[in-house]
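# Commentary on secondary and tertiary structure
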Amino acid sequence: MIKNLVIVESPAKAKTIEGFLGKDFVVTSSYGHVRDLEKKNNGVEIENGYKPLYTVPADKKAVVNDLKKLAKTAETVWLASDEDREGEAISWHLKEVLKLNTEKTRRIVFHEITRSAITNAIQHPRYIDDNLVESQQARRILDRLVGFEISPVLWRKVKPSLSAGRVQSVAVRLIVEREREIDAFTAESKFKVTGIFDFVDEKGKLYKVKAELGERFDTEKEAAEFLEKVKDAQFAIESVVKKPSKKTPAPPFTTSTLQQEASRKLRYGVSRTMMIAQRLYESGKITYMRTDSVNLSDEALASSKRVISKDYGEKYSKTRKYKTKSANAQEAHEAIRPTYFDKESVDGSPEEKALYNLIWKRAIASQMADAELEKTTAKISISNSGLKFTASGEVIKFDGFLKVYIESSDDDENGKDSEGLLPPVYEGAELKYDNITATERYSRPPARYTEASLVKKLEEMGIGRPSTYAPTISTIQKRGYVDKEERQGKERNYRVITLVGDNLSAVDKTEITGAEKGKLFPTDIAMLVNDFLLKYFPKIMDYKFTAKVEKELDDIARGERNWVTMLDSFYKPFHDTVEDTIENSERVVGERILEEDHNGKRISVRMARFGPVAQITDLNDPEAKPEYAGLRSGQKLETITLEEALDLFKLPRDLGEYEGKKVVVAIGRFGPYIRHDSKFTSLKKEYDPYTVQLDEAIVMIEEKRKKDAEKLIKVFEENPDYQLQNGRWGPFLKVGKQNYKIPRDVDAKELTYEDCVKIVEEFEKGGGKSKSKAPAKKTTAKKATAKKTTTKKAAAKKTTTKKKK
């Protein structure tokens, strides 16, 4: 008989909590949700008040059975899933599936996994909050209805296997619209004038003063005329203004600000950040990581004050109580902070240490004094011109919170010069120019979204909530609507005019423009789907409507709105639109004709089964099959030119011969490649398939051979199809196209041909359960490859079964 059974979502969380509770408590895990909407009929009985039809997935049945056995013998069951709506829903589903008696069931919540928090939760249990459950349920049903009804429309009208979602489609719209802004942008150049001036103080010490002219010139001629004019000018300090200023620390992290700052400082994607934060939370190192609150508890404020006063001194401490700006902030969570402020670092993986350090610094800095600065601005007059140069500098008088933490911004990458300390200049001081330079500078297009800046935009617009940002961004990438990638820039010429002494010179220089790293690019299919949805489902794609839905879900969570009424007001007109679109909309081809008659051939681009292609159609021979060529990375259906499309048909290119056999470069479904002796080598990113030379291709062929040789352990003369190879997860046996796992305690180098035949026979006797097409993964049963093993017990059972067989 179990006195107290505590159920949480994850094994890691269970392990941590178990350490805080006594022998009267058994802590176990549900491994997340134990039920979901069934797939058939949308999983919702619409005519029956939107009744959800829940089912226990096959991979959760073993977990549920184990939990039922434990719950049946427990005096009290404590449901301790997370404190947000998703967590509340998990607890509700557990209560329903396990058929728990209300009188012996307790719901407990905590925002940090510490002994005091767990003990306090046990002392103050509550019932399941039906309002939170209904809000989560309404979101789940709404998203299911939108996805299950719009997606088939896209299959018919655009392309098979596409999907749509209430939040994901709006996120894609943001990225598509930004891309079109960039495509429509025309860079304009102006000449920026900077000068290096000599200043000698009263003691004869020479200083260099860097200053910038307050006006930019539209043309090279205007800039050159200005420099020619100031050759004989006198320069003097017209005014010096010193202004004290303060910098205030940023609030402690919310989910979105943590995702943004981890992206800027650590280069983590939002999903990676949340995965690491989850581990930190479950091991008791930080507070709950899905929150839009910036509040800190009184206990946390007192703890941070003690640490700051002890480590930095009383003058560095300043208690601050932040208030959440968002009116729609979810439940009364705390901000993300360390559970123990006196622990500046923690054990764990390098990425866990890095993220914890970021969270610790941000939380500590939020309770520290302002930084005190002094900014000095000097105006430099020109005797023969009304224009003025400006020099500025900044000095830190008291570092305050800057001793610990400096917040980053999305503009940090733009290369702004940091302001240093100005020399001791004074009004009336004379200066002489060392050199004055006019540099051509181009205006910049709007910046593409990063994962972090997209989260920021979604939050600003009220779209999504802390628990949805990472899944949304992950989904739009997995479904092929958005690519996160690096793209090389292009060379661009710019002019530089320099005045040194009496000599005026002008030179051409080059810079790389348009280089992108970790940015989100919409695919061609994203643009086609976006336009289709905007045309036929404008309400779903409306930013304000999506934000309004989020607010209504918040109202449901507070018990201020009925969830069925909310769904009904949305679904009926939405379903009518779906029916009308199926009947009356035209199929999207995405074709764009670049030239109707190019020497008797039509040149066009369109969306094909495997992606965007260029097409050449012979107008003089209707029976001739069109020629096709896939578009290259970075090329778009909307912007590709006729010349660029024609270049695509120059491939495959015959580079010559090597070892008596042809070397050919081409572009395939997975990118550019080299073909030689019926073998394929991927073309390295730094090479262009249209310009790569034979000698360069040979180097890549040889590198591939060397890599393959290192991969190969042994080929058996008795049957060359039998090969022992090194894979990502260790050695494996390859027979034809099938791969077989080698037992861990066996040295692959020592295996004979007979041993390998025996391994294959053993696997075949077991029904092929250890056979796999991917050497990187442990081989599993064919049917099981489509499922995830979610419990340690289930995994152990499968392993035992394999060994027996």
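Everything that follows concerns the structure shown earlier in this document.
To start, this report covers the structure provided alongside it. (Residues numbered from 1 in each chain as written. Predicted model: local features only at pLDDT ≥ 70, side-chain atom pairs only at ≥ 80, totals over all residues. Heavy atoms only, no water.)

Cis geometry marks the peptide bond from Leu-651 to Pro-652; its omega dihedral reads 0°. Checked against the element boundaries, Pro-652 lands in the loop between helix 18 (642–647) and strand 23 (653–658). Look at Asn-599: it is not a glycine, yet its phi comes out positive at around 55°. Locating Asn-599 in the fold gives a position in the loop between strand 19 (592–595) and strand 20 (601–608). Of note, the phi angle at Ser-678 is positive, near 65°, even though the residue is not glycine. Looking at the element boundaries, Ser-678 is found in the loop between strand 25 (671–676) and strand 26 (679–682). (Helix = DSSP H or I, 4+ residues; strand = E, 2+ residues; numbered from the N terminus.)

Moving on: the packing of helix 8 (residues 255–266) against helix 11 (residues 350–365). Packing of helix 8 against helix 11 brings their axes to within 11 Å, and their N-to-C directions diverge by 120°. On the basis of the axis angle, helix 8 is oblique to helix 11. Helix-helix and strand crossings are classified by hand; for helix 8 and helix 11 the assignment is right-handed. Counting all contacts with helix 8, which are made through Thr-257, Leu-258, Glu-261, Ala-262, Lys-265 and Leu-266, the residues of helix 11 involved are Ala-354, Leu-355, Leu-358, Ile-359 and Arg-362. Its residues assigned to classes, the contact of helix 8 with helix 11 shows 7 nonpolar, 1 polar and 3 charged. (Axes fitted to C-alpha atoms, helices over the stretch in contact; angles between N-to-C directions. Parallel < 35°, antiparallel > 145°, perpendicular 65-115°, else oblique. Left-handed = near helix turned anticlockwise from the far one by under 90°. Contact = heavy atoms within 4.5 Å. Nonpolar A, V, L, I, M, F, W, Y, C, P; charged D, E, K, R; others polar.)

All right, on to the packing of helix 3 (residues 85–97) against helix 5 (residues 130–157) then. Close contact between helix 3 and helix 5 brings their axes to 8 Å; oriented N to C, the two are set at 100°. Relative to helix 5, helix 3 is oriented roughly perpendicular. Side by side, helix 3 and helix 5 meet where Arg-85, Glu-86, Glu-88, Ala-89 and Trp-92 of the first sit next to Leu-132, Val-133, Ser-135, Gln-136 and Gln-137 of the second. Split by residue class, the contact of helix 3 with helix 5 holds 4 nonpolar, 3 polar and 3 charged.

Here Arg-173 is to be found in helix 6 (residues 168–184). A residue is classified by how much of its surface remains accessible, and Arg-173, at 15% relative accessible area, is buried. A polar contact of 3.4 Å, which involves the side chain of Arg-173, links it to the side chain of Tyr-543. Beyond its immediate stretch of four places on either side in the chain, Arg-173 contacts Asn-530, Leu-534, Met-541, Asp-542 and Tyr-543. (Buried < 20%, exposed > 50% of the residue type's maximum accessible area, 1.4 Å probe, protein only. Polar contact = N/O pair within 3.5 Å; in protein donor to acceptor, adjacent residues only side chain to side chain.)

On the surface, Asp-576, Glu-579, Asp-580 and Glu-583 cluster together to form a negatively charged patch. For Asp-580, the position within the fold is in helix 17 (residues 563–584). (Patch = residues over 30% accessible without salt bridge, like charges linked within 9 Å, V, L, I, M, F, W, Y side chains within 5 Å. Areas by Shrake-Rupley, 256 points an atom, 1.4 Å probe, with all protein chains shown as cover. Salt bridge = Lys/Arg side-chain N within 4 Å of Asp/Glu carboxyl O. Lys, Arg positive; Asp, Glu negative; His and termini not counted. Charge placed at Lys NZ, Arg CZ, Asp CG, Glu CD.)

Let us look at helix 9 (residues 270–282). With 13 residues, helix 9 extends 18 Å from end C-alpha to end C-alpha; this agrees with the ideal 18 Å at 1.5 Å per step. Packed against the buried residues of helix 9 are helix 1 (11–18), helix 8, helix 11, helix 12 (451–460) and helix 13 (469–478). Of the residues flanking the end of helix 9, it is Gly-284, one or two places downstream, whose phi is positive at about 80°. (Expected span 1.5 Å × (residues − 1).)

If you look at soluble globular proteins, the nonpolar side chains tend to sit buried side by side. Phe-110 and Leu-154 are the most contacted members of the largest nonpolar core, which has 158 residues in total. The element best represented in this core is helix 5, accounting for 9 residues. Leave out the neighbours within four places in its chain, and Phe-110 touches Lys-13, Ile-17, Ala-80, Glu-83, Ala-117, Ile-118, Ala-121 and Tyr-281. Grouped together as the second largest cluster of nonpolar side chains are 29 residues, Val-209, Ala-223, Phe-226 and Leu-422 included. (Core = buried A, V, L, I, M, F, W, Y, C linked by side-chain atoms within 4.5 Å.)

Looking now at the environment of Glu-591. Its location among the elements puts Glu-591 in the loop between helix 17 and strand 19. Its relative accessible area of 44% is what places Glu-591 among the partly exposed residues. Considering only alpha carbons, one finds Glu-591 and Arg-107, 484 residues apart in sequence, at a separation of 57 Å. Those residues within four positions of Glu-591 in sequence are excluded, and the remaining contacts are Ser-604, Val-605 and Arg-606.

Here the focus is the sheet that holds strand 22 (residues 627–630). Read from one edge to the other, the open sheet built from 4 strands follows the order 19-20-21-22, with strand pairing classed as antiparallel. Each having just a single partner strand, strand 19 and strand 22 make up the two edges of the open sheet. When the angles between neighbouring strand axes are averaged without regard to direction, this sheet yields 25°. Sheet topology note: the strand 19/strand 20 ladder contains 3 bridges and is antiparallel. From the neighbouring strand, Glu-595 faces strand 20, where its bridge partner is Ile-603. (Pairing = 2+ DSSP bridges.)

Moving on to the packing of aromatic side chains. A complete count under the given rule lists 22 aromatic pairs for this structure. Centre to centre, the rings of Phe-545 and Phe-570 are 5.9 Å apart; their planes meet at 20°, and the pair counts as stacked. Highlighted residues: Phe-545 in helix 16 (residues 543–557) and Phe-570 in helix 17, separated in sequence by 25 residues. Comparing Phe-545 with Phe-570 shows no difference in burial state: the two are buried. Look at Tyr-722 and Tyr-753: their rings are 5.2 Å apart centre to centre, the planes differ by 70°, and that puts the pair in the edge-to-face class. Separated by 31 residues along the polypeptide, Tyr-722 in strand 28 (residues 722–727) and Tyr-753 in helix 20 (residues 753–765) bring together distant segments of the chain. Residue Tyr-722 is classed as buried on the basis of its relative accessible area, which comes to 10%. Here the aromatic cluster, defined as three or more aromatic residues joined through ring pairs, consists of Tyr-50, Phe-537, Phe-545, Phe-570, Tyr-571 and Phe-574. Looking at Arg-144, its charged tip hangs above the ring of Phe-148, at a distance of 4.3 Å from the centre. The ring of Phe-521 has Arg-487 sitting right over it, with the charged end atom 3.7 Å from the ring centre. (Phe/Tyr/Trp six-rings, centres within 6.5 Å; stacked < 30°, edge-to-face > 60°. Lys NZ or Arg CZ within 6 Å of the ring centre and 35° of its normal.)

Pairing between side chains of opposite charge can happen when the charged atoms of each approach one another. Per the stated rule, a full pass over the model turns up 63 salt bridges. Residue Lys-636 pairs with Asp-183 through a salt bridge whose shortest N-O separation is 3.2 Å. In this pair, Lys-636 is assigned in the loop between strand 22 and helix 18 and Asp-183 in helix 6, connecting sequence segments 453 residues apart. Classification of Lys-636 as buried rests on a relative accessible area of 9%. By relative accessible area, Asp-183 is classed as partly exposed at 32%. In this structure, Asp-311 and Lys-310 form a salt bridge, with 3.9 Å as the shortest nitrogen-oxygen distance.

One key point about sheets: their strands pair by backbone hydrogen bonds, in either a parallel or an antiparallel sense. Spatially, 4 strands are ordered 2-1-7-8 in an open sheet, and the strand pairing comes out parallel. Here the strands that pair on one side only, and so sit at the sheet edges, are strand 2 (25–29) and strand 8 (105–107). Strand after strand, the sheet turns through a mean of 25° between neighbouring axes, direction not considered. By the bridge criterion, 3 bridges tie strand 7 (residues 74–79) to strand 8 in an arrangement that is parallel. When the sheet's bridge partners are listed, Val-77 is paired in strand 8 with Thr-105.

Buried within helix 7 (residues 220–229) are the following residues: Ala-223, Phe-226 and Leu-227. Relative to the axis of helix 7, the buried residues are bounded by an arc of 95° and lie together on one face. (Arc of directions from axis to C-beta.)

Our focus in this paragraph is the environment of Ile-141. With respect to the helices and strands, Ile-141 occurs in helix 5. Residues Ile-141 and Val-44, 97 residues apart in the sequence, show an inter-C-alpha distance of 7.2 Å. Beyond its immediate chain neighbours, meaning those up to four positions away, Ile-141 contacts Leu-37, Val-44, Tyr-50, Pro-52, Trp-563 and Leu-567.

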